[in-house]
Amino acid sequence: MAVGRSLLMMLGLLGVAQGLPNGYVWGCYNISKSFPFCDSSLGIEQRLDDLLNRMTIDEMIGLMSPWVESGVNVCNFMDAGVSRLGIPPYMHLVEFNTGVASACYGEDKCATNFPGPTGLGASYNRTLWNMKGAAMSDEMRAFNNLNWHRGTPDAPLSLIALTGYGPNININRDPRWGRNSEVPSEDPFLAGTYAENYVRGGQVGSDPRYTKVAMGLKHFAVYSMETNRQAFIPNVSMHDLWETFLPGYRLGFSPEHGNASLTMCSYAGINGVPSCANGYLLSLIRKTFNNPDVVVGSDCGAFYNMLNSTWYGNHYAKDIVDMSNLTLSAGADQELGDSLWGNNETGGNDGLSQLVSIDPSAPGKIRASVRRSLKLRFKTGMFDPVEGQPYTQIGAEAINATLHQQINLEAAQQSFVLLKNTNNVLPIGTSKKLAIVGPHIVSQRDLMSDYASDNVCLDTTYSCIPTIGGVFAQRYPQGNLLSAQGCDLNSTNASAIPDAVNAAKAADVTIMFLGLGHDQEHEGEDRMEVTLPGQQLELFSQVLAVGKPLVVVLINGGQVSIGSVKDQATAIVEAFYPSVRGADALFNVLIEGVNNWGKMPYTVMPAEDVYALDLANFNMSKPPGRTYKYYQNTPEWEFGYGLSYTNFSISCSLTAAPTSPTISIQNVGPVDGSEVIMVFHRVSDQIRASAPHPVPKKELIDFQRVAVGKSATETVTFNIPQSAFAVVDQNGNQQVYKGTHYLDFTNGVFTCTGTYNI
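Residues numbered from 1 in each chain as written. Predicted model: local features only at pLDDT ≥ 70, side-chain atom pairs only at ≥ 80, totals over all residues. Heavy atoms only, no water.

Asks: Would you take a moment to explain the pairing of strand β10 (residues 481-484) for this structure?
Replies: The two faces of the sheet receive side chains in turn, since in a regular strand these alternate between them. The sheet contact formed by strand β9 (residues 434-437) and β10 spans 4 bridges and is parallel. Within β10, the position partnered with Ala-435 by the bridge is Leu-482. Regarding the hand of the β-α-β motif, the stretch spanning β9, helix α15 (residues 468-475) and β10 is right-handed. (Pairing = 2+ DSSP bridges. Helix = DSSP H or I, 4+ residues; strand = E, 2+ residues; numbered from the N terminus. Right-handed = clockwise from strand over helix to strand, strands pointing away.)

Asks: Could you clarify how one ought to interpret the sheet that holds strand β15 (residues 662-667) in this entry?
Replies: Each strand in a sheet pairs with another by means of backbone hydrogen bonds, the pair being arranged parallel or else antiparallel. The antiparallel open sheet is built from 3 strands, whose spatial order is β14-β15-β18. Every interior strand has two partners, whereas the edge strands, β14 (648-653) and β18 (713-717), have only one. Averaged over all neighbouring strand pairs, the angle between strand axes comes to 20°, with direction disregarded. In this structure, β15 lies alongside β18, joined through 5 bridges in antiparallel fashion. (Axes fitted to C-alpha atoms, helices over the stretch in contact; angles between N-to-C directions.)

Asks: Looking at this structure, I do not really get the pattern of salt bridges. What am I missing?
Replies: Where charged atoms of side chains with opposite charge meet at close range, the side chains can pair. Within this structure, the stated rule accounts for 28 salt bridges. Its salt-bridge partner being Asp-584, residue Arg-475 comes within 3.0 Å of it at the nearest N-O pair. Here the residue Arg-475 occupies a position in helix α15, and Asp-584 occupies one in helix α19 (residues 582-590), the gap between them amounting to 109 residues. A residue is classified by how much of its surface remains accessible, and Arg-475, at 30% relative accessible area, is partly exposed. Here the salt bridges share partners, and the residues they tie into one network are Glu-45, Asp-49, Asp-293, Arg-371, Lys-375 and Lys-379. (Salt bridge = Lys/Arg side-chain N within 4 Å of Asp/Glu carboxyl O. Buried < 20%, exposed > 50% of the residue type's maximum accessible area, 1.4 Å probe, protein only.)

Asks: It is not clear to me how the layout of surface pockets should be interpreted in this structure. Could you clarify?
Replies: Of the volumes computed, that of the largest pocket is approximately 810 Å³. Along the walls of the largest pocket sit 29 residues, with Phe-189, Leu-251, Ile-701, Ser-723 and Ala-724 positioned nearest its centre. Where the lining of the largest pocket is concerned, the elements lending two or more residues are α7 (188-203), α8 (238-245), α9 (247-253), β17 (699-708) and β19 (727-728). Per-class residue counts for the lining of the largest pocket are 14 nonpolar, 7 polar and 8 charged. By volume, the second largest pocket is sized at about 430 Å³. Along its surface, the second largest pocket is lined by 18 residues, and Asp-108, Asn-400, Val-456, Cys-464 and Val-580 are the ones closest to its centre. When grouped by side-chain class, the residues that make up the lining of the second largest pocket number 8 nonpolar, 5 polar and 5 charged. (1 Å grid on protein atoms, 1.4 Å probe; cavity = no way out; pocket = protein on both sides within 12 Å on 5 of 7 lines; lining within 4 Å. Points joined across faces, edges and corners; volume = space filled by probe spheres on them. Nonpolar A, V, L, I, M, F, W, Y, C, P; charged D, E, K, R; others polar.)

Asks: Explanation requested: the confidence of the model for the protein in the structure shown.
Replies: Interpretation of the predicted coordinates at a detailed level should be avoided for regions scoring low in pLDDT. Confidence in the prediction of the protein, expressed as mean pLDDT, is 95, and 98% of residues score 70 or more. Across residues 1-8 the pLDDT falls below 50, and counting only partners more than four positions away or on other chains, this stretch makes 10 contacts in the model. Taken as a whole, residues 10-14 scores under 50 in pLDDT and shows 6 contacts with residues more than four places along the chain or in a different chain. (pLDDT = per-residue confidence, 0-100. Contact = heavy atoms within 4.5 Å.)

Asks: Help me out: how do you make sense of the state of the cysteines in this one?
Replies: Between two cysteines, a covalent bond joining their sulfur atoms is known as a disulfide. Tallying each qualifying case throughout the model produces 6 disulfides. The side chain of Cys-104 participates in a disulfide bridge whose partner is Cys-110; the two sulfur atoms lie 2.0 Å from each other. With the S-S bond torsion at 105°, the cross-link from Cys-104 to Cys-110 turns out right-handed. Each member of the pair, Cys-104 as well as Cys-110, is classed as buried. Sequence-ordered numbering of the bonded cysteines in the protein yields a pairing of 1-2, 3-8, 4-5, 6-7, 9-10, 11-12. (Disulfide = S-S within 2.5 Å.)

Asks: Would you mind going over the packing of α8 against helix α10 (residues 279-288) with me for this structure?
Replies: Relative placement of two packed helices is described by the angle separating their axes and the distance separating the axes. Contact geometry for α8 and α10: axes closest at 14 Å, N-to-C directions at 50°. Of the possible angle classes, the one that applies to α8 and α10 is oblique. You can see that α8 and α10 cross each other, and the crossing is right-handed. Contacts between α8 and α10 involve Met-238, Leu-241 and Trp-242 from the former and Tyr-280, Leu-284 and Thr-288 from the latter. Considering only residue class, the contact of α8 with α10 consists of 5 nonpolar, 1 polar and no charged. (Parallel < 35°, antiparallel > 145°, perpendicular 65-115°, else oblique. Left-handed = near helix turned anticlockwise from the far one by under 90°.)

Asks: Would you mind going over the nonpolar core with me for this structure?
Replies: Note that soluble globular proteins tend to have their nonpolar side chains buried in a common cluster. The biggest cluster of nonpolar side chains holds 120 residues, and the ones touching the most others in it are Leu-51, Met-55, Phe-220, Phe-253, Val-370, Leu-374 and Phe-383. The leading source of residues in this core is helix α6 (residues 126-145), at 7 residues. Not counting residues within four places of it along the chain, the set of residues in contact with Leu-374 comprises Leu-48, Leu-51, Leu-52, Met-55, Leu-63 and Phe-383. Counting 70 residues, the second largest nonpolar core, distinct from the first, contains Cys-457, Val-471, Phe-540 and Tyr-577. (Core = buried A, V, L, I, M, F, W, Y, C linked by side-chain atoms within 4.5 Å.)

Asks: What's the story with unusual backbone geometry in this structure? I'm lost.
Replies: Across the chain, the bulk of peptide bonds are trans and the bulk of non-glycine residues have phi less than zero. Each neighbour pair has its own omega, and for Gly-166 with Pro-167 the value is 10°, a cis peptide bond. Along the chain, Pro-167 falls in strand β2 (residues 163-168). Pro-623 connects to Pro-624 through a cis peptide bond whose omega is 5°. One can find Pro-624 in the loop between α20 (607-611) and α21 (627-630). One non-glycine residue with positive phi stands out, namely Tyr-124, at about 50°. With respect to the secondary-structure elements, Tyr-124 resides in the loop between α5 (117-123) and α6. Given the relative accessible area of 1%, Tyr-124 is considered buried.

Here you go:
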């Protein structure tokens, strides 16, 4: 058996000798080239029919569950291929949320790692999101063409194919969730629009014949808690499901919007039924969202969590056969993390084979699942000659290309939010004596969000990432810069705080870099505290007492409540996790005055209000309420808030019919800049009082980012459909209530409002 498996791996790697990219069918060049499924002149459906008709059920099952003996981590899911037909093993999971999960190909050839998605959400920039997708898909194609691999312990067997799992568009439901840094927003429209443009940028390229990279949305659906995540299944009303947890996925999946190719059914679910066995949820993708070809893979180990025999998990299934029936019947296509579905001969537990022996409908379901999986490979060109496919010609020059570095820098600069700027202390310029202090001046790994590339630096550490302290020392005039860390991110040791105080005393102005890091927020564990950890508040208090201007820069993913720091600091910037270009971006913005600020992608509540909420309660409107839609009290920072180094005035040209309102943005300040205009819908108090369900205070329905030169005026026009006036009722349906509706057009500071009677 081991010899046969080794031979199969050898055959799977023959593509390298033939000059074929990872996963391309070497059989169509020799073993099976005469078969119709290798005939690129035929339609995909006809070719799929021919291929599937040649496969046995066992061979199909071998493509649905990890080939355990391959040596590849089962979470990455290397299938067994079909050697008889020349179909090589194929690794299905490559993380694609922030950078292509890969080993570095060589010096300066590590994957581009973009700012954390929360910061990208703050940019409110569709074009930027599309460019990120295009850059990352270029790099994934390059790794695939070069027969390259992931940077995980199973390398070099973990060969990178063309299915990328990203973006993650779960919402920032609770500030304590450990994975807040991985997602773009608390708002489903903003998150969904991010997904739509990122996926379009990654999947659609210059050749309309082929999908450039098949991208998958994570984690479908209603997943936003790490505590007991293997077992926990929240109770969710139809109202909350359709107002909060599903709209982003609709935008990501719908063919007229994102048209995502894949998804990962999550550890969670709704109302007692796990996502991977939830026929209602999975059918929404293919029927309601009108994307029948979406491939559904499980989150790592999600099938195992269902087994009644586990000491943890949700125990939804009686045994392996019952689990296999529930998941297959619900619409799952691939098992990641275990091989319960898989055949014994590939190291599996024969779950599907046993099901086939007792259920005559199982073979048809298996065939349908494998058809969806193979169709993705046809769409990416893997069964066609590589000659004449432009994407197969992308090489190492695309990896960390100069253009991608420029996009990355611009993404970081647009991800920052200026929250406060008393007396225009920012930008600082280079003439003042400056002190930089705080734990993040030495950070490298902690400038990155979760799910960066496997290897960010060639030496597999984070040593190549420029620190804030290092960049400022290189770029700020010598003799005018002082620096002192003061304290760690999370430590009881305050012994170095006097060093920071002394630096501040000797300076004209101090910038303090505070926040969170990977130890405080990450997958697998929720935060129980939402304030600054360790000695950071003590550091702030002592430096503040010096009595000189003090700028606070927050580096974090999830929301951080800063309490009295908001009133006491001279200026405050939210920088999220700015990634490898973050230090340069911060210098460009804080010192040199680059002026392309973002807006807050989530609400920051005072800590006491966060603690008043039950982390495990998914009722969005239960007081004090979650997200800007339902939060009842005064936030520290509002969703959509953000300032600029210049001043903008906005005026609205509104007609009786709200179909095409035009907004003028005038830059009346001293410098060029860019601004974000958001459109919110809200209803009258009368409609709210009469509705038999919760109604949001307001709801984001559109936005545009626009560059406006000094003393210039730009106009933007919005297309407002009638459906934008709908709210979600208690049954999850869209309802346009008769009465008075409002549209607020705002830059987060100034607002003009249109009133409409419907």
